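# Fold and geometry: a report
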Amino acid sequence: MKTVLTDLDTGDVSVLFGQNDENLAVIADAFGVDVSQNAEGQLMLSNQGFDRDAEDNLKNAEAVLRRMVKLAEDNETVNKRLTAYLCDLVAENGIQSVNQYTADGICVTAKGRPIKAKTLGQAEYVESIKKNLITFGIGPAGTGKTYLAVAMAVSAFRKNEVSRIILTRPAVEAGESLGFLPGDLQSKVDPYLRPLYDALYDIMGIDAYQRNVERGAIEIAPLAYMRGRTLDNSFIILDEAQNTTPEQLKMFLTRIGQYSRAVVTGDVTQIDLPRDKSSGLLGIQKILGDIEEIGFINLTGRDVVRCQLVQKIIKAYEKHEKR
């Protein structure tokens, strides 16, 4: 069977095909379809089958290629990882799902790099943050929970939708005791808050970050510092919420004041609390799920963008835990 995409303007095929045609190899592996160009420069899809499955594979591969062309036109980097994600998306959820994939920008980093949702799950997460006053982003490592939340906070701050950004996380050691730490109180808690610093440095730039910290527009602090406060006109992010107790999480959620927005992120598979303490993130949707202004987004291994190896590691752990 063969399909010629006569209406498709492919532009620079090196952008579409990838280095050493690695994107085409991903499509061939996913659908058993060969992609080539004819003498007129039109894309051709072909395979050896003549049954229903072969026809569906051609249609799926065509849908992926059309979306890749559209993303390339929008200056999105079409790489091997993105191609593999689009192939998985159409194989599992149908052609309509891949047609829904977009890469709308959230904001731009200090170096001019646009920040975008890279999966449908991430896009749903970003949309929930825009729509709801509180959003819970729950999922495994590498799904962009914290980074996208910080990007949304910076975007709201730049648009003057909020007057300050507050980032917090519980100071819980990840399964090991660090012992005595030298320095003042800020020096002692900084190691726990490092991922938040890294995200802000990347998005805002160190100079802009430091200026805003000095004038009180940005605050990064341990969760214990939130007690007794009312946080108005702020974008608040609670990171690593799986390491909060139910009492701590309730305390945080009741700090949110007028004209504020909050994002709570966590991974329920990486709880570092002592065994005699339960995580406040477990079962939180049963408690708050009926409140309209609160959104819950559950990201999965399919939304991992850190590295394909991380995605494989997460899948391997999931299989092991099921057994």
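In this report, the structure presented in the accompanying data block is examined. (Residues numbered from 1 in each chain as written. Predicted model: local features only at pLDDT ≥ 70, side-chain atom pairs only at ≥ 80, totals over all residues. Heavy atoms only, no water.)

## Section: the layout of surface pockets
Computed from the structure, the second largest pocket encloses a volume of approximately 360 Å³. In this structure, the second largest pocket is lined by 17 residues; those nearest its centre are Pro140, Asp267, Thr269, Ile314 and Glu318. Among the elements that take part in the lining of the second largest pocket, helix α12 (residues 308-322) stands out by supplying six residues, more than any other. For the lining of the second largest pocket, the per-class residue count stands at nine nonpolar, five polar and three charged. (1 Å grid on protein atoms, 1.4 Å probe; cavity = no way out; pocket = protein on both sides within 12 Å on 5 of 7 lines; lining within 4 Å. Points joined across faces, edges and corners; volume = space filled by probe spheres on them. Helix = DSSP H or I, 4+ residues; strand = E, 2+ residues; numbered from the N terminus. Nonpolar A, V, L, I, M, F, W, Y, C, P; charged D, E, K, R; others polar.)

## Focus: the packing of helix α6 (residues 120-131) against helix α7 (residues 145-158)
Each pair of packed helices gets described by two things: the angle between the helix axes and the distance between those axes. It is at 11 Å that the axes of α6 and α7 come closest, and there the two elements cross at 40 degrees. With respect to α7, the axis of α6 lies oblique. Of the two possible hands of crossing, α6 and α7 adopt the one that is right-handed. Contacts between α6 and α7 involve Gln122, Tyr125, Val126, Ile129 and Lys130 from the former and Lys145, Leu148, Ala149 and Met152 from the latter. (Axes fitted to C-alpha atoms, helices over the stretch in contact; angles between N-to-C directions. Parallel < 35°, antiparallel > 145°, perpendicular 65-115°, else oblique. Left-handed = near helix turned anticlockwise from the far one by under 90°. Contact = heavy atoms within 4.5 Å.)

## Concerning the pairing of strand β8 (residues 218-222)
Residues in a regular strand project their side chains so that they alternate between the two faces of the sheet. Taken across its five residues, β8 has four buried, putting it largely inside the fold. Two elements, strand β7 (residues 164-169) and β8, share five bridges in a ladder whose sense is parallel. In the sheet register, threonine 168 faces β8, and the bridge partner there is alanine 221. (Buried < 20%, exposed > 50% of the residue type's maximum accessible area, 1.4 Å probe, protein only. Pairing = 2+ DSSP bridges.)

## Observations concerning a positive patch on the surface
Among the surface-exposed residues, Lys80, Lys312, Lys315, Lys319 and Arg323 lie close enough to one another that they form a single positively charged patch. Sorting elements by how many residues they give to the positive patch places α12 first, with three residues. Considering the arrangement of structural elements, one finds lysine 315 in helix α12. Accessibility expressed as a relative area gives 33% for lysine 315, which makes it partly exposed. (Patch = residues over 30% accessible without salt bridge, like charges linked within 9 Å, V, L, I, M, F, W, Y side chains within 5 Å. Areas by Shrake-Rupley, 256 points an atom, 1.4 Å probe, with all protein chains shown as cover. Salt bridge = Lys/Arg side-chain N within 4 Å of Asp/Glu carboxyl O. Lys, Arg positive; Asp, Glu negative; His and termini not counted. Charge placed at Lys NZ, Arg CZ, Asp CG, Glu CD.)

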